[in-house]
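Each chain, letter by letter, is given below.
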Amino acid sequence: MAKQEQASVSSMNEIAVTLKNCSLSFGDVPVLNNVSLDIYNNEFVSILGPSGCGKSTLLRLMLSLLQPNAGGEVKLAKDLSIGMVFQKPVLMPWLTAIQNIVLPLTIGEKRFSKKEARDKAEGALRLVGLQDFTNHFPHQLSGGMQQRIAIARALAADPAVLLMDEPFGALDEFTREKLNFELLRLWESPDTSLSTVVMVTHSIQESVIMSNRIVMMSPRPAGVDAIIPVPLPAHREVGMEELPEYHHTVNELRKRVKHL
Amino acid sequence: MMNKIKSSMYPISFALGFIVLWELAVRLFHVPVYLLPAPSAVIEVMDGSLSSHMLVTLTEALAGFVLANILGMITAVIFVHSKSIEKGAFPLAIALKTTPLVALAPLLVVWMGTGYSSKVVASMLICFFPILVNSVKGLKAIEHEAWELFSTYKGTKAEIFWKLRLPTSLPYVFSALKISSSLAIVGAIVGEFVGANKGLGYVVLVSSYHMDTPIMFSAIIASALCGLLLFWGISWLEKKVVFWQRADDL
Ligand SMILES: Nc1ncnc2c1ncn2[C@@H]1O[C@H](COP(=O)(O)OP(=O)(O)O)[C@@H](O)[C@H]1O
Ligand SMILES: [Mg+2]
């Protein structure tokens with residue numbers, strides 16, 4: 001709750017990531033067409049759009065794994081740290097759960113000592129409730145547990161912004177719903193540095209129950225078709241799917257999808 | 001454990017049944033010994049001298065195998081890091097592969113004599129290509145997202161190599177090791193055919209000259225055993241090293 005209140009006071013309108021007039025082509029194929037988008041601190045944003053329209057590409061722009069064509073600009077808030085969760089868990093099968101989480105902490109700029117990295121990884125494992133599987137290898141864990149480790153790996157580096165690319169797309173309904181709310185709790189929790197989540201999803205229901213704003217993308221070459229605020233209470237809980245606001249927003253999104 | 005014993009029961013009983021049938025057939029139909037000796041006759045000639053020849057062949061093959069692996073992996077690492085070297089040298093590697101070893105072996109003996117080295121090199125030449133090809137394939141087999149993960153956290157080229165490329169390549173490397181473990185024996189024996197005074201290839205050649213079929217059979221069986229020993233050794237190592245890979249995945 002603390003994070004929500006804090007949000008409403010001041011930092012809600014501080015921008016974390018800005019995309020300005022970003023277009024991007026792979027060779028001759030235009031994928032993004034003049035995308036402008038602001039992501040604010042302390043918000044949960046979902047990105048919805050037809051498959052192949054360029055949602056993953058958009059996240060890769062924010063991560064600086066790709067650069068926009070000339071004229072476009074990607075701006076990050078100063079000293080912003082970003083974490084990424086891919087559609088697949090992308091765990092190293094030769095490393096245990098804890099070693100997988102330690103890995104990004106000990107490469108590149110090596111911001112942490114071995115001991116610190118280990119402590120952080122243990123903390124992150126506890127956050128996702130997998131402290132009993134510290135020394136298990138990925139092939140000994142279910143798909144849902146593997147994705148939780150991937151989330152823990154992203155959280156362990158204390159990111160302010162978490163980018164997620166269809167993180168629950170490959171999971172069954174039960175696991176998916178459980179992880180949806182786990183993620184919301186982590187986002188609200190004062191124990192994490194996490195303030196902002198940008199999640200790509202192809203599920204309208206998931207986007208409505210989880211996010212403050214939903215970015216609708218048009219088909220390739222994708223632009224921002226609409227940005228839809230979700231009028232649900234700030235603190236999301238199971239059962240809010242019964243509220244009229246939920247149905248209203250889901251229906252509005254469905255209509256838009258038909259007109260794309 | 002119980003399952004393991006059970007599953008090895010089948011091949012063992014089939015092999016025993018085959019040997020018994022063979023023995024019976026030879027005795028029943030009075031097959032002349034220079035055409036097909038009975039298993040009992042073959043076992044009779046297996047002695048210390050055979051095992052010392054076997055040791056020679058195994059040593060040559062193992063040395064060639066190990067050298068080919070080291071060389072093949074180093075070459076693969078160079079190929080993966082330099083496109084132009086790969087483009088320039090890969091056709092040479094293919095030319096080497098397509099040249100029949102049997103045609104090269106006499107040259108090796110001319111150059112290196114009838115001792116160990118010509119056989120070691122013959123076995124090295126035949127093992128090199130599978131190791132090279134599979135190592136290159138394995139080193140390139142990293143998932144794009146895994147590479148992006150390392151890039152996101154500013155992983156260096158060296159870190160990507162040691163912590164991602166190398167472990168990713170191991171299952172591929174091991175499948176090449178299994179292929180070349182039996183090729184290594186072929187290389188050593190071909191080398192011995194051309195010029196040697198010891199080793200299983202030499203025994204086969206001399207016994208064929210003397211029409212001593214039981215000895216010939218004993219040497220053939222011993223060479224098969226060499227290949228099996230290497231293969232089993234590699235498979236055992238593979239289970240320990242690439243523990244995350246199930247056998248049916250590759
Ligand atoms: N590295 C790449 N090279 C060439 N084309 C690509 C590459 N990555 C993605 N694309 C193409 O760009 C389009 C958008 O891809 P992507 O962003 O993955 O879509 P989404 O995540 O919305 O499904 C697709 O048509 C895809 O084929
Ligand atoms: Mg995608």
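These numbers were taken from a predicted model, which means no experiment stands behind them. (Residues numbered from 1 in each chain as written. Chains lettered and ligands numbered in written order. Predicted model: local features only at pLDDT ≥ 70, side-chain atom pairs only at ≥ 80, totals over all residues. Heavy atoms only, no water.)

Participant: Would you mind going over the overall build of chain A with me for this structure?
Facilitator: When its secondary structure is counted, chain A shows 8 helices and 9 strands. Relative to the globule expectation of 18 Å for 260 residues, the C-alpha radius of gyration of chain A, 18 Å, shows essentially globular dimensions. Principal-axis analysis of the C-alpha atoms places the extent of chain A at approximately 50 × 45 × 40 Å. Buried residues in chain A amount to 54% of all 260 residues. Of the roughly 11500 Å² of accessible surface on chain A, a fraction of 52% belongs to carbon and sulfur atoms. If you average the places of the 26 positive and of the 28 negative side-chain charges in chain A, the two averages end up 5 Å apart. (Helix = DSSP H or I, 4+ residues; strand = E, 2+ residues; numbered from the N terminus. Rg over C-alpha atoms; globule rule 2.2 N^0.38 Å. Buried < 20%, exposed > 50% of the residue type's maximum accessible area, 1.4 Å probe, protein only. Areas by Shrake-Rupley, 256 points an atom, 1.4 Å probe, with all protein chains shown as cover. Lys, Arg positive; Asp, Glu negative; His and termini not counted. Charge placed at Lys NZ, Arg CZ, Asp CG, Glu CD.)

Participant: Help me understand the sheet that holds strand 3 (residues 44–48) of chain A, please; the structure alone is not making it clear to me.
Facilitator: Strand pairing within a sheet occurs via backbone hydrogen bonds; the two strands may be parallel or antiparallel. Residues and elements named next belong to chain A. Sheet architecture is open: 6 strands sit in the order 5-6-7-3-8-9, paired in mixed fashion. Here the strands that pair on one side only, and so sit at the sheet edges, are strand 5 (82–85) and strand 9 (224–229). On average, each strand axis in the sheet is tilted by 15 degrees relative to the strand beside it, whichever way the strands run. For strand 6 (residues 161–165) and strand 7 (residues 196–200), the ladder comprises 5 bridges, and the chain directions are parallel. Bridging across to strand 7, Met164 finds its partner in Met199. Packing against the sheet, helix 2 (residues 55–62) makes contact with strand 3, strand 5, strand 6, strand 7 and strand 8 (213–217), and its axis sits at approximately 155 degrees to strand 6. Here helix 8 (residues 244–259) sits on the sheet and contacts strand 3, strand 8 and strand 9; the angle it forms with strand 9, its principal contact strand, is near 175 degrees. (Pairing = 2+ DSSP bridges. Axes fitted to C-alpha atoms, helices over the stretch in contact; angles between N-to-C directions. Contact = heavy atoms within 4.5 Å.)

Participant: Teacher, can you tell me more about the interface of chain B and chain A here?
Facilitator: When the parts of a complex come together, some accessible area is lost, and that lost area is often taken as the interface size. Contact residues are listed per partner, giving 18 residues for chain B and 23 residues for chain A. With both sides pooled, the region where chain B packs onto chain A buries about 2000 Å², and carbon together with sulfur makes up 69% of that total. Among the residues chain B hides against chain A, the three largest losses belong to B:Leu149, B:Tyr153 and B:Trp244. Together they make up 33% of the total. One can count 3 salt bridges joining chain B with chain A. When the shortest N-O distance is used, the salt bridge between B:Glu143 and A:Lys88 registers 2.8 Å. If you look at where chain B meets chain A, you find 3 residue pairs in polar contact (both at pLDDT 80 or more). Of all elements in the fold, only helix 7 (144–152) and helix 8 (157–194) of chain B reach the threshold of two or more residues within the side of chain B that touches chain A. (Buried area = accessible area lost by both parts, 1.4 Å probe. Salt bridge = Lys/Arg side-chain N within 4 Å of Asp/Glu carboxyl O. Polar contact = N/O pair within 3.5 Å; in protein donor to acceptor, adjacent residues only side chain to side chain.)

Participant: Looking at this structure, I do not really get unusual backbone geometry. What am I missing?
Facilitator: The general pattern is negative phi for most residues beyond glycine and trans for most peptide bonds. All names here are of chain A. For the peptide bond that leads from Arg220 to Pro221, omega is -5 degrees, which places it in the cis range. Here Pro221 is to be found in the loop between strand 8 and strand 9. Despite not being glycine, Ser64 has its phi angle at roughly 65 degrees, a positive value. Positionally, Ser64 belongs in the loop between helix 2 and strand 4 (73–76). Owing to a relative accessible area of 44%, Ser64 belongs among the partly exposed residues under this scheme. One non-glycine residue, Val90, lies in the positive phi region at around 50 degrees. Residue position: Val90 is located in the loop between strand 5 and helix 3 (97–102). For Val90, a relative accessible area of 4% corresponds to the buried category.

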